[in-house]
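Inside the fold
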Amino acid sequence: GIDKPLTIPDRDWSRWVETHPLGYADKLSELNGKHQDKVVPLIKLVKHWRDVQMCYRRPKSYWLECLVYHLIDDGKVTTKRRSYAELFQLVLASIAQDFRQDLEKEGKVPEILDPMLGNNVAHNWERAAFETFMRRIDESLGWAERAIAEDDEEKAVELWQKVFGEEWFPTE
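Residues numbered from 1 in each chain as written. Predicted model: local features only at pLDDT ≥ 70, side-chain atom pairs only at ≥ 80, totals over all residues. Heavy atoms only, no water.

Looking at the overall build of the protein
For clarity, the threshold we go by: Numbering goes from the N terminus for both helices and strands, where a helix is a DSSP run of H or I of at least four residues and a strand is a run of E of at least two. Three exposure classes are used, based on accessible area relative to the maximum for each residue type with a 1.4 Å probe and protein chains only: buried under 20%, partly exposed in between, and exposed over 50%. Contacts: residue pairs with any heavy atoms within 4.5 Å of one another. Here, Shrake-Rupley sampling with a 1.4 Å probe gives the accessible areas, and only protein chains in the shown set may cover a residue.
Of regular secondary structure, the protein possesses six helices and two strands. Order of helices (α) and strands (β) in the protein, N terminus to C terminus: β-β-α-α-α-α-α-α. Classification of the 172 residues of the protein by burial places 42% in the buried group. Looking at the protein alone, contacts between residues at least 24 apart form 59% of all its contacts between residues at least 6 apart. Carbon and sulfur atoms make up 49% of the accessible area of the protein, which totals about 9900 Å².

A closer look at the packing of helix 5 (residues 127–149) against helix 6 (residues 153–164)
Convention followed: Where helices are involved, their axes are fitted lines through C-alpha atoms of the stretch in contact, as for all axes, and angles between N-to-C directions lie from 0 to 180°. Oblique is the label for any angle not under 35 degrees, not over 145, and not in the 65 to 115 range, which are roughly parallel, roughly antiparallel and roughly perpendicular in turn. If you view the pair so one helix is near and one far, a crossing is left-handed when the near helix is turned anticlockwise from the far one by less than a right angle, and right-handed when it is turned clockwise. Nonpolar residues are Ala, Val, Leu, Ile, Met, Phe, Trp, Tyr, Cys and Pro. Charged residues are Asp, Glu, Lys and Arg, and all others, Gly as well, are polar.
Put simply, helix 5 and helix 6 touch, their axes get as near as 8 Å, and they point 160 degrees apart. On the basis of their axis angle, the class for helix 5 and helix 6 is roughly antiparallel. The chirality of how helix 5 crosses helix 6 is left-handed. Only Ala 156, Leu 159, Trp 160, Lys 162 and Val 163 of helix 6 make contact with helix 5, whose side of the interface consists of Ser 140, Trp 143, Ala 144, Arg 146, Ala 147 and Ile 148. Class assignment of the residues belonging to the contact of helix 5 with helix 6 gives a composition of eight nonpolar, one polar and two charged.

A closer look at a negative patch on the surface
So the rule is basically this: Residues with no salt bridge and a relative accessible area higher than 30% make up the patches, which join like charges within 9 Å and nonpolar side chains (Val, Leu, Ile, Met, Phe, Trp, Tyr) within 5 Å. Here, a salt bridge means any Lys or Arg side-chain nitrogen found within 4 Å of an Asp or Glu carboxyl oxygen. Charged residues are defined narrowly, with Lys and Arg counted positive, Asp and Glu counted negative, and His plus the chain ends left uncounted. By convention, the charge on Lys lies at NZ, on Arg at CZ, on Asp at CG and on Glu at CD.
On the surface, a cluster of negative charge is contributed by Asp 151, Asp 152, Glu 153, Glu 154 and Glu 158. Structurally, the position occupied by Asp 152 is in the loop between helix 5 and helix 6.

Observations concerning the packing of aromatic side chains
Applied cut-off: Think of it this way: a Phe, Tyr or Trp ring, Trp meaning its six-membered ring, pairs with another when their centres are within 6.5 Å, and the plane angle makes it stacked under 30 degrees, edge-to-face over 60, tilted otherwise.
Here the structure, examined in full by the defined rule, presents 11 aromatic pairs. Measuring from centroid to centroid gives 5.9 Å for Trp 49 and Phe 133, while their planes differ by 75 degrees, and the two rings are edge-to-face. Placement of Trp 49 in helix 2 (residues 39–53) and of Phe 133 in helix 5 is noted, with a sequence separation of 84 residues between them. Here Phe 133 falls in the buried class, since its relative accessible area comes to 1%.

Notes on the side chain of Gln 53
How we decide: Side-chain atoms alone can form a polar contact between residues adjacent in sequence; in general such a contact is a pair of N or O atoms within 3.5 Å, and within protein one must be able to donate a hydrogen while the other accepts it.
Structurally, the position occupied by Gln 53 is in helix 2. Among the polar contacts made by the side chain of Gln 53, one reaches the main-chain carbonyl oxygen of Lys 162 at a distance of 2.8 Å. A polar contact is formed between the side chain of Gln 53 and the backbone oxygen of Val 163, at a distance of 3.0 Å. With residues near it in sequence (within four places) discarded, Gln 53 still touches Arg 136, Glu 139, Ser 140, Trp 143, Lys 162 and Val 163.

Considerations on the nonpolar core
Note the following rule: Here, the term nonpolar core denotes a set of buried Ala, Val, Leu, Ile, Met, Phe, Trp, Tyr and Cys residues that are joined through side-chain atoms within 4.5 Å.
By size, the foremost hydrophobic cluster in this structure holds 44 residues, and its most contacted members are Phe 88, Ile 95, Phe 99, Ile 112, Trp 125 and Phe 133. If you list the elements that add at least two residues to this core, you get helix 1 (21–34), helix 2, helix 3 (61–73), helix 4 (84–104), helix 5 and helix 6. If you tally residues by element for this core, the top one is helix 5, at nine residues. When neighbours within four sequence positions are excluded, Ile 112 is seen to be in contact with Trp 63, Cys 66, Leu 67, Phe 99, Asn 119, Asn 120, Val 121, Ala 122 and Trp 125.

Focus: unusual backbone geometry
With a phi angle near 60 degrees, Arg 57 is a residue other than glycine that sits in the positive phi range. Turning to its location among the elements, Arg 57 is positioned in the loop between helix 2 and helix 3. Despite not being glycine, Arg 81 shows a phi value in the positive range, around 55 degrees. Under the relative-accessibility criterion, Arg 81 is labelled exposed at 73%.

Concerning the packing of helix 2 against helix 4
Two numbers describe how helix 2 lies on helix 4: the axes approach to 10 Å, and their chain directions differ by 60 degrees. Where helix 2 crosses over helix 4, the two elements pack in a sense that is right-handed. Contacts between helix 2 and helix 4 pair Pro 41, Leu 42, Leu 45, Val 46 and Trp 49 from the former with Tyr 84, Leu 87, Phe 88 and Val 91 from the latter.

What follows is the structure, encoded as structure tokens:
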């Protein structure tokens, strides 16, 4: 039936990865509801950040979804009484902390587990791409932390524009 897991080819077509899109959609919707409907917009922010910060070697959208899903579901990032700015900064900080040990081991990349089936969706993440991702995480985390702490709104906007692109918070 249509509500059962599917097997789809991964990027290089040499290995098939089992997935369960309808079950995941239900699970994401449930998590989003439990967290003031902030999970889906936060995932969209992370994907936008990736598109602005990474022209090449981008992590796949589903990897980022699973990553944010687990950070919230595991309680590492809590949404209650937090702005999207704070949530985004917490996501970056959590990724930086959680993935640091993988970055320090030569040739290692982190696992990102599918919320439904538990398999590693990022099994084919190349080390160079992971290193690029972590450099962008660290750089953007610094800007986000400074923007949140900044009292001068104009300076805060400039910092957020470094994170999300100049089209965000236009001056006109």
